Amino acid sequence: TVLNAYHELKAAGLVESFVGRGTIVLETEETDEGAGEVTDSASAPAPLYWKPMLTAKAAAESSSLIRDLLALPKRQDAVSFGVGVPLPEPELLEELQQMAGRLFTEDRGEVMLHSPVEGRASLRQALCDRMRDRGIRCPKEEVIVLSGAQQGLDLIARTLLSPGDCVLAEEPTYFSALQTFRAAGATVIGVPVDEDGRLRLDAMESLLRSYRPKFIYVIPSYQNPSGRLMDASVRESLLHLAYRYRTPIVEEDPYGELAYGEKSPLPIKAMDEHAHVLYIGTFSKLLGPGMRIGWIAAPKPILKVMGRMKQLNDLHTNSVAQKLLDAALREGAVDRHLARIRTLYRARRDEMCAALKRYAVPGMQWDVPMGGLFLWLRLPGGVNVQELAVRAADRGVDYIPGAPFFAEQPKGSYIRLNFARADIERIGEGIRRLCAAVEDAMEG
Ligand code: PMP
């Protein structure tokens, strides 16, 4: 209790510790000008100091990695392997433009009205039809349309996590999920993979036994950041562990349809016969994050509570986007786009792998991703990662550093490269620059 109180005070900037002097209460300008004080009406009003007004939770929030990276100055000719979303393709934009035009002219403004909190019935049905193609059978009553998958993570955190709870997640995993679960006061424990990148089910079981986590969080298909594909037998064993320990699985599947060879194995949700899996999907990676549409398919009792939480959060997902997506799904625009980008991204992936073979610095390691957007590159020992960030920016190439994706201390340095974003003619040059920057950043 004392430690928690101390952390809250520290997060609010009200105490500071000094080696040899202990912890002292700060007399900052901000605390002097405390909230709620009455000022002399004759004096000019002073700007309000907001810091002391923040809740401990708000004050403890650190800034977002992506926001910080986007804010960095870039060279004009930089090659971008950074941000984890693709760029819009012209054919898709053209089709959406025509559909949007019809939306605004044909339904006499209905598009501008409220939608039900769970989402428009017709879109929920279209999502169920799409999931059925991936082996998931669920009625539309078990689906809520979300304002992006991120909202699903937040709703799950707010519905299931209390301070002190624990979550098990693959190591590494999506950093924003780590942030969201931690913001709810939970501890995330990383479950290791073996040398072949297979989730260590023995470690999973012993962690389930010792920590009794609230849920297991996984991204089985073309994971962010590792690009890994969990094979069908591991999916099945994981589900059986979840049954045995009566622990829900939160399964995220933003990349499952982006397969460049064989289809990905069935989602865990498709095998679940005992209402253990909460499945989150999104169109951010197929169409673009600006759409802000995702969905969650989950057992009814928990979905009902999440619906109430969503209502507090945003009433409902944007009606215009829901109608547009519904039309795009029903008229086949999403599938046509998917077929095009599978070919396009596969070629970009091949180009990146060929360039890495050509330019790799000894000690670099990677697996060829079978789908998704990401190639996870292990750097040679002895690379100074801070130095690399500076050198890569100087040379005009960007990537996402690997450390924030780990719940525990990572063994080795990694970076995440999005192979799907850059023009194919520029990928080789980007990898050449990256490898040169890695050489510059080698210590000793
Ligand atoms: N989950 C995962 C695993 C992701 O990779 C991403 C995108 N970076 C998201 C959630 C966020 O998706 P959305 O834009 O739908 O909120």
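As the structure is a prediction and not an experimental result, all values here were calculated from the model.

Caption draft 1: A look at the overall build of the protein. Within the protein one finds 16 helices and 14 strands. Radius of gyration (C-alpha) of the protein: 24 Å, near the 22 Å computed for a compact globule of 444 residues. Along the first, second and third principal axes, the C-alpha set of the protein runs to 65 × 65 × 50 Å. Per-residue burial over the protein gives 39% buried out of 444 residues. Restricting to contacts in the protein with at least 6 residues of sequence separation, those with at least 24 account for 74%.

Caption draft 2: The environment of Asp350, seen in detail. With respect to the helices, strands and loops of the structure, Asp350 is situated in helix α14 (residues 333-359). Counting along the chain gives 69 residues from Asp350 to Phe419, while the straight-line C-alpha distance between them is 8.9 Å.

Caption draft 3: Broad picture of the site of the ligand. Close to the ligand lie 13 residues, the nearest being Gly148, Ala149, Gln150, Thr282 and Ser284. Of the residues belonging to the shell around the ligand, the class tally is five nonpolar, seven polar and one charged.

Caption draft 4: The arrangement of the pairing of strand β6 (residues 187-191) in detail. Two elements, strand β5 (residues 166-170) and β6, share five bridges in a ladder whose sense is parallel. The residue bridging Leu168 from the neighbouring strand is Ile189, located in β6. Note that the unit made of β5, helix α8 (residues 175-183) and β6 has a crossover that is right-handed.

Caption draft 5: Examining the nonpolar core more closely. Judged by nonpolar contacts, the single largest core of 103 residues is most densely connected at Phe181, Ile249, Ile296 and Leu417. Residues contacting Ile249, with those up to four places away along its chain left out, are Phe215, Ile216, Val218, Leu238, Leu239, Ala242, Ile268, His276 and Val277.

Caption draft 6: Fine view of the packing of helix α15 (residues 385-395) against helix α16 (residues 424-440). Running from N to C, α15 and α16 point in directions that differ by 140°, and their axes come no closer than 9 Å. By the angle between their axes, α15 is oblique relative to α16. Handedness of the crossing formed by α15 with α16: right-handed. Residues Leu388, Arg391, Ala392 and Arg395 of α15 pack against Arg433, Leu434, Ala436, Ala437, Val438 and Asp440 of α16.

Caption draft 7: Region of interest: the sheet that holds β6. The strand order across the open sheet built from seven strands is β4-β10-β9-β8-β7-β5-β6, with neighbouring strands paired in mixed fashion. Each of the sheet's edge strands pairs with one partner strand only, and the pair in question is β4 (143-146) and β6. Neighbour-to-neighbour, the strand axes of the sheet open up by a mean angle of 20°, direction not taken into account. Bridge count between strand β8 (residues 249-252) and strand β9 (residues 277-282): four bridges; the pairing is parallel. The residue of β9 that forms the bridge with Glu252 is Ile280. Packed onto the sheet, helix α6 (residues 121-133) meets β4 and β10 (294-297) and runs at close to 110° relative to β4.

Caption draft 8: View of α14. Taking 1.5 Å per residue as the helical rise, α14 with its 27 residues ought to reach 39 Å, and the 38 Å between its terminal C-alpha atoms agrees with that figure. Three or more residues of α14 are buried, namely Ala333, Val334, His337, Ile341, Tyr345, Arg348, Arg349, Glu351, Met352 and Leu356. Contacts from the buried residues of α14 go to α5 (90-106), α13 (319-330), β11 (374-378), β14 (414-418) and α16.

Caption draft 9: Main features of the sheet that holds strand β13 (residues 400-401). Read from one edge to the other, the open sheet built from three strands follows the order β11-β14-β13, with strand pairing classed as antiparallel. The open sheet terminates on both sides in strands that have one partner only, identified here as β11 and β13. Looking at chain direction, β13 and β14 are connected through two bridges and run antiparallel. Residue pairing for β14: Pro401 is matched across the bridge by Ile415.

Caption draft 10: Geometry of α6. Between its first and last C-alpha, α6 extends 19 Å over 13 residues, near the 18 Å set by a 1.5 Å rise per residue. Listed as buried for α6 are Leu123, Arg124, Ala126, Leu127 and Met131. Along the axis of α6, the buried positions cluster into a sector of 160°, meaning they face one direction only. Exposed residues lying more than 90 degrees from the buried face of α6 are Asp129, Arg132 and Asp133. Buried residues belonging to α6 abut β4, β10 and α13. One or two residues past the end of α6 sits Gly135, with phi positive at roughly 90°.

Caption draft 11: Representation of unusual backbone geometry. The omega torsion across Glu171 and Pro172 is -5°, close enough to zero to call that bond cis. Counting through the fold element by element, Pro172 comes out in the loop between β5 and α8. Cis geometry is adopted by the peptide bond preceding Pro225, which originates at Asn224 and carries an omega value of 15°. Here the phi dihedral of Arg212 falls at roughly 45°; this positive angle occurs in a residue that is not glycine. Here Arg212 is to be found in the loop between α9 (201-211) and β7 (215-218).

Parameters and conventions
- Residues numbered from 1 in each chain as written.
- Predicted model: local features only at pLDDT ≥ 70, side-chain atom pairs only at ≥ 80, totals over all residues.
- Helix = DSSP H or I, 4+ residues; strand = E, 2+ residues; numbered from the N terminus.
- Rg over C-alpha atoms; globule rule 2.2 N^0.38 Å.
- Buried ≥ 20, exposed ≤ 12 C-beta atoms within 10 Å, placed from the backbone.
- Contact = placed C-beta atoms within 7 Å.
- Near = placed C-beta within 6 Å.
- Nonpolar A, V, L, I, M, F, W, Y, C, P; charged D, E, K, R; others polar.
- Pairing = 2+ DSSP bridges.
- Right-handed = clockwise from strand over helix to strand, strands pointing away.
- Core = buried A, V, L, I, M, F, W, Y, C linked by C-beta atoms within 7 Å.
- Axes fitted to C-alpha atoms, helices over the stretch in contact; angles between N-to-C directions.
- Parallel < 35°, antiparallel > 145°, perpendicular 65-115°, else oblique.
- Left-handed = near helix turned anticlockwise from the far one by under 90°.
- Expected span 1.5 Å × (residues − 1).
- Arc of directions from axis to C-beta.

By themselves, these figures tell us nothing about what the structure is for.
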